[in-house]
Number of protein chains: 2
Amino acid sequence: MPWDEFGLISACFRPLSVAEPGAFQLTDDAAILAPAPHTDWVVTADALVAGVHFFPDDPPGSIAKKALRVNLSDLAAMGAKPRCVFLTCAFPNDLDKAWLNAFSEGLGEDLQAFGVALAGGDVVATPGPLTLSITAIGEVPAGQGLRRSGVRDGDVIAVTGTIGDAALGLDMQRAAAPESLDGADRAYLLDRYRHPTPRIAVGEILAARAHAALDVSDGLLGDLRHLAETSKVDILLDARRVPFSQAAARWFEIDPAAKERALTGGDDYELAFSCAIDDFSAIFESLAAVGVPVTAIGRAEAGEGRVYRYETGRRQLVAVPGGHRHGAEANGSAEP
Amino acid sequence: MPWDEFGLISACFRPLSVAEPGAFQLTDDAAILAPAPHTDWVVTADALVAGVHFFPDDPPGSIAKKALRVNLSDLAAMGAKPRCVFLTCAFPNDLDKAWLNAFSEGLGEDLQAFGVALAGGDVVATPGPLTLSITAIGEVPAGQGLRRSGVRDGDVIAVTGTIGDAALGLDMQRAAAPESLDGADRAYLLDRYRHPTPRIAVGEILAARAHAALDVSDGLLGDLRHLAETSKVDILLDARRVPFSQAAARWFEIDPAAKERALTGGDDYELAFSCAIDDFSAIFESLAAVGVPVTAIGRAEAGEGRVYRYETGRRQLVAVPGGHRHGAEANGSAEP
């Protein structure tokens, strides 16, 4: 697009800022935000690159929503309620007005849905691929933020929702789905890949009760390893208990090997957490009350940061290979 | 660089986070930050793209420092004391270990110099140019954050330091300097372009006393226009009073046309502010006490957002052309 048309960009993004008065409608050097009393601030930043984290020809609204949701998911994992985001966009010159409109429209829909304001950012041109960076800020009651490192010996390990849908959705977008998988299942899995659902309400409920949490973005096995390592415990995963969607289950019936992909693929954005056994049923009830299924999939015991799985009663050490590769290319992503 | 070497990246960035305990040494999904009592948070985000905002073969440490400093300058403009930053990096695959080391070393030097911690971020690979996004968070006493929109009829308009050095430094890097300009002047101007100095101490002093401020990043004339427009006043600039460095002055002697470039070029990162006439001398003294020269360059009067300049007693309306183009290419940058 022509880069002198800043008016167009302002027109697209400015309306998304109105929910945060301290954003000054994006007219100032920075936003000024008054913290709510007795809260800690939870802050996370993620970058997404076209061709690496999403397909360049994905619908623009989906790209915006995914960029937002992966960040909100990080806040949810800490138990925080999202407040606002800062977005920097490096846009290629060939983006047109229709693309930008669709992008900001999708972003606006999600900001509204999740009760979050666009509080600032930057728009620049790039000769390279579309590159987005979002910093999300949330609030959690002081001292209640959930960390990865809080898993205790004897804890239940549980996950929300179903695991592996997004990884299968990505496989499908790469045309690797079995031909006999039906259209509704395909649509479901693709949507799970494109529009992950940040578990915000879950995070807020867990903040007061769980010992540790993270969002499952690098693949379940890899992320359990993160929990085990930072908490310095071993985690025993009963792989038979991992919850899968009906669409995923039908894929496994056609191709049983896909189940490993579901366990190791990424982009689920469900929450994995640990809690005391005695607290699990109360958490289960609270999450059921907000419509979120939760499944106990294992337990923690004193150890050294390893993950074991068992299907048949015998535990097997999980050797995590080089880590999950996000999205559309075999390029890595890691927090610095 | 090989993207399985996340260990290397962690090793480079993790040490930069230690000043902020809530960064958890970059091992968690997000940082948890406890706001200081009676403060507002000031947050800004900027993106920089190689070939657009800096030259790809600039020294890696300079690239890191510039990315940091332009963000800290936005905080200074609001009167905030910087606390921490979140950095997302999209690194091309051909970056090597030496480059990354130099980048993180430069970043670390500046974080330490400005008392700021790296509190989180993301590292991803890109097939395109190096793209950096920094979100900076600062604190200001509650209610004292400075905005662009506070200029009042009758205010003095003033700037810190000298204007235009960075624009001339950029011209020079494009080989447009006069041949007779001497080596020390060249080095000075290039350093001013590469290593802008965020006026943090100035911002903190101004927070309690100025009416409005911004950092001069789009060129003095353009930025005065921003002040005038958001404050809904007219600004009268006495262009004879604009402070220039000796290096810039020597360039003007050789080529008088360069002075217009100095007034309209960007990347100064000095602060422009407005205050009551009665407060100016006290502010002048306070800034002199921290070693920062400040010059009154004009005044504001009731109006409609225009900027006038006068050299010879007759005021002339400043028609701001399409806006400043940052850095190394004719591509635009604007806050959304």
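Every chain's residues receive numbers from 1 upward, in the order its sequence appears when written. Here chains are named by letter from A upward and ligands by number from 1 upward, in the order in which they appear as written. Under the rules for a predicted model, residues below a pLDDT of 70 receive no local features and side-chain atom pairs below 80 are neither given nor counted, while totals for whole chains, interfaces and linings still include all residues. Water and hydrogen atoms were dropped before computing side-chain values, which therefore reflect all heavy atoms in the structure.

## Re the domain arrangement of chain A
Residue and element names in this part refer to chain A. So the rule is basically this: Boundaries of every domain are those given by an automatic assignment or by a domain database. Residues count as neighbours in contact if any of their non-hydrogen atoms are within 4.5 Å of one another. Salt bridge, as applied in this entry: a Lys or Arg side-chain nitrogen positioned within 4 Å of an Asp or Glu carboxyl oxygen. N or O atoms within 3.5 Å of each other form a polar contact, as long as, within protein, one can give a hydrogen and the other can take it, and as long as residues adjacent in sequence are counted only when both atoms are side-chain atoms. In this description a helix means any DSSP run of H or I spanning at least four residues, a strand means any run of E spanning at least two, and both kinds are numbered starting from the N terminus.
According to the domain assignment, chain A contains domain 1 (6-141) and domain 2 (148-317). Centre-to-centre separation of domain 1 and domain 2, based on C-alpha positions: 27 Å. Each side of the interface is counted separately: domain 1 has 21 residues, and domain 2 has 20 residues. The interface formed by domain 1 and domain 2 includes two salt bridges. Where domain 1 touches domain 2, the interface holds seven residue pairs in polar contact (both at pLDDT 80 or more). With ten residues, helix 2 (residues 60-77) is the largest single contributor of residues to the side of domain 1 that touches domain 2.

## Some remarks on the relation of the copies chain B and chain A
Rules: The copies were overlaid with a least-squares fit restricted to C-alpha atoms from residues scoring a pLDDT of at least 70 in each copy.
Superposing chain B onto chain A takes a rotation of 180° plus a shift of 0.0 Å along the axis, which leaves an RMSD of 0.0 Å. The two molecules are tied by a two-fold rotation axis, judged by turn and shift. It is Gly128(B) whose C-alpha, among those of chain B, lies nearest the rotation axis, at 2.2 Å. Of the interface residues in chain B, 100% have counterparts in chain A that sit at the interface too, so the contact is made through matching surfaces.

## Examining the sheet that holds strand 7 (residues 212-215) of chain B
Residues and elements named next belong to chain B. Rule in force here: Two strands form a pair only when DSSP identifies at least two bridges running between them. The axes are straight lines fitted to the C-alpha atoms, using for helices just the contacting stretch, and the angles between their N-to-C directions are given from 0 to 180°.
A sheet is described by the order of its strands in space; here seven strands give the open sequence 7-9-6-10-8-11-12, paired in mixed fashion. With partners counted over all chains shown, the strands left at the sheet margins are strand 7 and strand 12 (316-317), one partner each. Most of the contacts of helix 7 (residues 220-231) go to strand 8 (residues 233-238), to which it runs at about 155°, and overall it touches strand 6 (156-160), strand 7, strand 8, strand 9 (271-275), strand 10 (294-302) and strand 11 (307-310).

## Brief notes about the packing of helix 5 (residues 183-194) of chain A against helix 8 (residues 246-254) of chain A
All names here are of chain A. Keep this limit in mind: Left-handed describes a crossing in which the near helix is turned anticlockwise from the far one by less than a right angle; the clockwise case is right-handed. Note that Gly is not counted as nonpolar here; it falls among the polar residues with everything else outside the nonpolar set of Ala, Val, Leu, Ile, Met, Phe, Trp, Tyr, Cys and Pro and the charged set of Asp, Glu, Lys and Arg.
Between helix 5 and helix 8, the least distance of the axes is 9 Å, while the angle of their chain directions is 120°. Both helix 5 and helix 8 take part in a crossing whose hand is left-handed. Across the interface between the two elements, Asp185, Tyr188 and Leu189 of helix 5 pack against Ala247, Ala248, Arg250 and Trp251 of helix 8. Classifying every residue of the contact of helix 5 with helix 8 gives five nonpolar, no polar and two charged.

## Looking at the sheet that holds strand 10 (residues 294-302) of chain A
Paired through backbone hydrogen bonds, the strands of a sheet run either parallel or antiparallel to each other. All names here are of chain A. Pairing in this open sheet of seven strands is mixed, and the strands run 7-9-6-10-8-11-12 from one edge to the other. Two strands bound the open sheet, and with one partner strand each, they are strand 7 (212-215) and strand 12 (316-317). Sheet analysis places strand 11 (residues 307-310) next to strand 12, joined by two bridges and oriented antiparallel. Across the sheet, arginine 309 pairs through a bridge with glutamine 316, a residue of strand 12. Sitting on the sheet, helix 2 is in contact with strand 7 and strand 9 (271-275), with an inclination near 175° to strand 7.

## Some details on helix 5 (residues 183-194) of chain B
Residue and element names in this part refer to chain B. The condition is simple: Here the expected length of a helix is defined as 1.5 Å per residue gap, with one fewer gap than residues. Three exposure classes are used, based on accessible area relative to the maximum for each residue type with a 1.4 Å probe and protein chains only: buried under 20%, partly exposed in between, and exposed over 50%. Within this analysis, the arc is defined by the directions that extend from the helix axis to the C-beta atoms.
Between its terminal C-alpha atoms helix 5 stretches 16 Å, which fits the 16 Å expected from twelve residues at 1.5 Å a residue. Burial in helix 5 covers these residues: Asp185, Leu189, Arg192 and Tyr193. Buried residues along helix 5 cover an arc of 100° about the axis, so they all sit on one side. In helix 5, the exposed residues that point more than 90 degrees away from the buried face are Gly183 and Ala184. Contacts from the buried residues of helix 5 go to helix 2 (60-77), helix 4 (165-173) and helix 8 (246-254). Where helix 5 begins, the capping side chain belongs to aspartate 182, and its oxygen is found 2.9 Å from the backbone nitrogen of alanine 184.

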